[in-house]
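Spelled out, the chains give:
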Amino acid sequence: MTTSTNGAFDRTPFIAGNWKMNMDHVQGITLLQKLAWTLSDAKHDYSRVEVAAFPPFTDLRGVQTLVQGDDLHIAYGGQDLSQFDSGAYTGDISGQFLNKLGCKYVLVGHSERRTIHNESDEVLNAKVKAAFRHGVVPVLCVGEGLEIRQAGTHVDHTLQQLRAGVAGLTNEQAAELVVAYEPVWAIGTGEVAGPEDAQEMCAAIRSELETLFGADVAAKTRLLYGGSVKGNNAGAILRERDVDGVLVGGASLDPAEFANIVRFESHLVAD
Ligand SMILES: O=C[C@H](O)COP(=O)(O)O
């Protein structure tokens, strides 16, 4: 990631915590409060580095109440949404409901949804469009499994997921979209892709977005890396030119560790 001459980043860095199926609504409030206190003590400037949490659906109302009540500047979002707006879809959550709960973002196509719930590229494209339809910004997750990485076809594979996910979007939507590159072999395994791996893929994604939507759009779309990000490796990953943020799983459940990732700039200065 580069900074312009006035010291601002090209794109506002985005540090997102995906709590996955952890933290009930009581635990979730405590976690968010601790994170907010830690960042407040550190005088974190949210306009410089954006922070977001993706709690389970059942936590979202409590999160909304806390964020509004304490005037927190932490964004939040759902971990999934339905491709449909309403109706007989038992167990699903509409983007409209997320919008009503103040969700700014929603994850779409996390690898755990693609594999465990067999979500196809076609369904995920419909979910991306549903998110925009309801005024929620999708964070489209893409990335390859170990076998594909070993076969050396990881870039082609990931770009194919990207093309399918963004099909039919307007330029305005593509600029607002966030894309998270998450190599499946690095998720929850402690195996972190090297900063150069993250950069290779993020550069390829940006180039593909440029082909699809033009250079002005591609310069605005934020690209994240996800997979075993911790306080001690975030700085090196975020130093890469095309990496605009990180999607953090396990480490987002520890407020001190997550705050450390949010404050990656202070580590860069210290390096
Ligand atoms: O959404 C987050 C990713 O799946 C990364 O999870 P992790 O940081 O636990 O490896």
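Procedures and definitions
- Residues numbered from 1 in each chain as written.
- Predicted model: local features only at pLDDT ≥ 70, side-chain atom pairs only at ≥ 80, totals over all residues.
- Heavy atoms only, no water.
- UniProt positions renumbered as here; feature names shortened; annotations may be inferred.
- Buried < 20%, exposed > 50% of the residue type's maximum accessible area, 1.4 Å probe, protein only.
- Helix = DSSP H or I, 4+ residues; strand = E, 2+ residues; numbered from the N terminus.
- Pairing = 2+ DSSP bridges.
- Axes fitted to C-alpha atoms, helices over the stretch in contact; angles between N-to-C directions.
- Parallel < 35°, antiparallel > 145°, perpendicular 65-115°, else oblique.
- Left-handed = near helix turned anticlockwise from the far one by under 90°.
- Contact = heavy atoms within 4.5 Å.
- Polar contact = N/O pair within 3.5 Å; in protein donor to acceptor, adjacent residues only side chain to side chain.
- pLDDT = per-residue confidence, 0-100.
- 1 Å grid on protein atoms, 1.4 Å probe; cavity = no way out; pocket = protein on both sides within 12 Å on 5 of 7 lines; lining within 4 Å.
- Points joined across faces, edges and corners; volume = space filled by probe spheres on them.
- Nonpolar A, V, L, I, M, F, W, Y, C, P; charged D, E, K, R; others polar.
- Core = buried A, V, L, I, M, F, W, Y, C linked by side-chain atoms within 4.5 Å.

For the protein, the name recorded in an unreviewed UniProt entry is Triosephosphate isomerase, with Pseudarthrobacter enclensis as its organism. Here is the UniProt Subunit (unreviewed entry) comment for the protein, exactly as written: "Homodimer."

Participant: Any chance you could explain the pairing of strand β5 (residues 137–142) here in plain terms?
Facilitator: Along any regular strand, the residues point their side chains to alternate faces of the sheet. Where burial is concerned, most of β5 is hidden: 6 out of the 6 residues are buried. Residues Val137, Val139 and Cys141 line one face of β5 and the alternating positions Pro138, Leu140 and Val142 line the opposite face, and both faces are buried. With 4 bridges connecting them, strand β4 (residues 105–108) and β5 associate as parallel partners. Among the inter-strand pairings, Leu107 is bridged to a residue of β5, identified as Val139. Where β5 and strand β6 (residues 178–181) come together, 4 bridges link them in parallel fashion. Looking across to β6, one finds that Leu140 is bridged to Val179.

Participant: Explanation requested: the packing of helix α11 (residues 231–238) against helix α12 (residues 255–262) in the structure shown.
Facilitator: Running from N to C, α11 and α12 cross one another at 20°; their axes reach a closest spacing of 8 Å. The pairing of α11 with α12 is recorded here as roughly parallel in orientation. Along this stretch, α11 crosses α12, giving a crossing that reads as right-handed. Only Glu257, Asn260 and Ile261 of α12 make contact with α11, whose side of the interface consists of Gly231, Asn232 and Ala234.

Participant: So what exactly am I meant to see when it comes to the side chain of Ser82 here?
Facilitator: Relative to the helices and strands, Ser82 is located in the loop between β3 (75–78) and α3 (95–100). Polar side-chain contacts of Ser82 include one of 2.8 Å to the backbone nitrogen of Phe84. Apart from residues no more than four positions distant in its own chain, Ser82 is found in contact with Asp92, Ile93, Lys127 and Ala130.

Participant: Even after reading the chapter, I still don't get the confidence of the model for the protein, so can you show me in this structure?
Facilitator: The predicted coordinates ought not to be read in detail in places where the model reports low pLDDT. With 95% of its residues at a pLDDT of 70 or more, the protein shows a mean pLDDT of 95. Taken over the whole predicted complex, pTM reads 0.95, whereas the ipTM for its chain interfaces reads 0.99.

Participant: Could you clarify how one ought to interpret the layout of surface pockets in this entry?
Facilitator: Space left empty within the atom packing is revealed by a probe, the size of a water molecule, rolled over the atoms. If you add up the space inside the largest pocket, you get close to 390 Å³. Taken together, 13 residues make up the lining of the largest pocket; nearest its centre are Lys20, Met21, Gln79, Arg113 and His117. When grouped by side-chain class, the residues that make up the lining of the largest pocket number 5 nonpolar, 4 polar and 4 charged. Estimates place the volume of the second largest pocket at around 170 Å³. Every residue lining the second largest pocket is counted, 18 residues in all, and those nearest its centre are Lys20, Gly188, Ser228, Gly249 and Gly250.

Participant: Teacher, can you tell me more about the UniProt feature "binding site: substrate" (unreviewed entry) in the protein here?
Facilitator: Per the UniProt record, the feature "binding site: substrate" (unreviewed entry) sits at Asn18, Trp19, Lys20, Gly188, Ser228, Gly249 and Gly250. For the residues just named, distributed over 233 residues, the greatest C-alpha separation is only 13.8 Å, placing them together at one site. From the set just named, the residues that line the largest cavity comprise Trp19. The topology assignment puts Trp19 in the loop between β1 (14–18) and α1 (25–41). What makes Trp19 buried here is its relative accessible area of 3%.

Participant: Could you clarify how one ought to interpret empty space enclosed by the protein in this entry?
Facilitator: Under the definition given, this model contains 1 cavity of 30 Å³ or more. There is about 40 Å³ of room inside the largest cavity. For the largest cavity, the full set of lining residues is Trp19, Leu31, Leu32, Leu35, Ala53, Ser252, Pro255 and Phe258. Mapped onto the lining of the largest cavity, the elements with two or more residues apiece are α1 and α12. Residue contributions to the lining of the largest cavity peak at 3 residues, all from α1. Taken together, the residues of the lining of the largest cavity sort by class into 7 nonpolar, 1 polar and no charged.

Participant: Sorry if this is basic, but what is going on with the nonpolar core here?
Facilitator: For soluble globular proteins, the rule of thumb is that nonpolar side chains tend to be buried together. In this structure, Ile15, Leu32, Ile205 and Tyr225 are the most contacted members of the largest nonpolar core, which totals 68 residues. Top contributing element to this core by residue count: helix α9 (residues 195–213), with 7 residues. Excluding residues within four positions of it along the chain, Leu32 makes contact with Trp19, Ala53, Val63, Leu66, Val67, Leu72 and Ile74. Ranked by size, the runner-up nonpolar core spans 14 residues in total, among them Ala16, Ala52, Phe54 and Val137.

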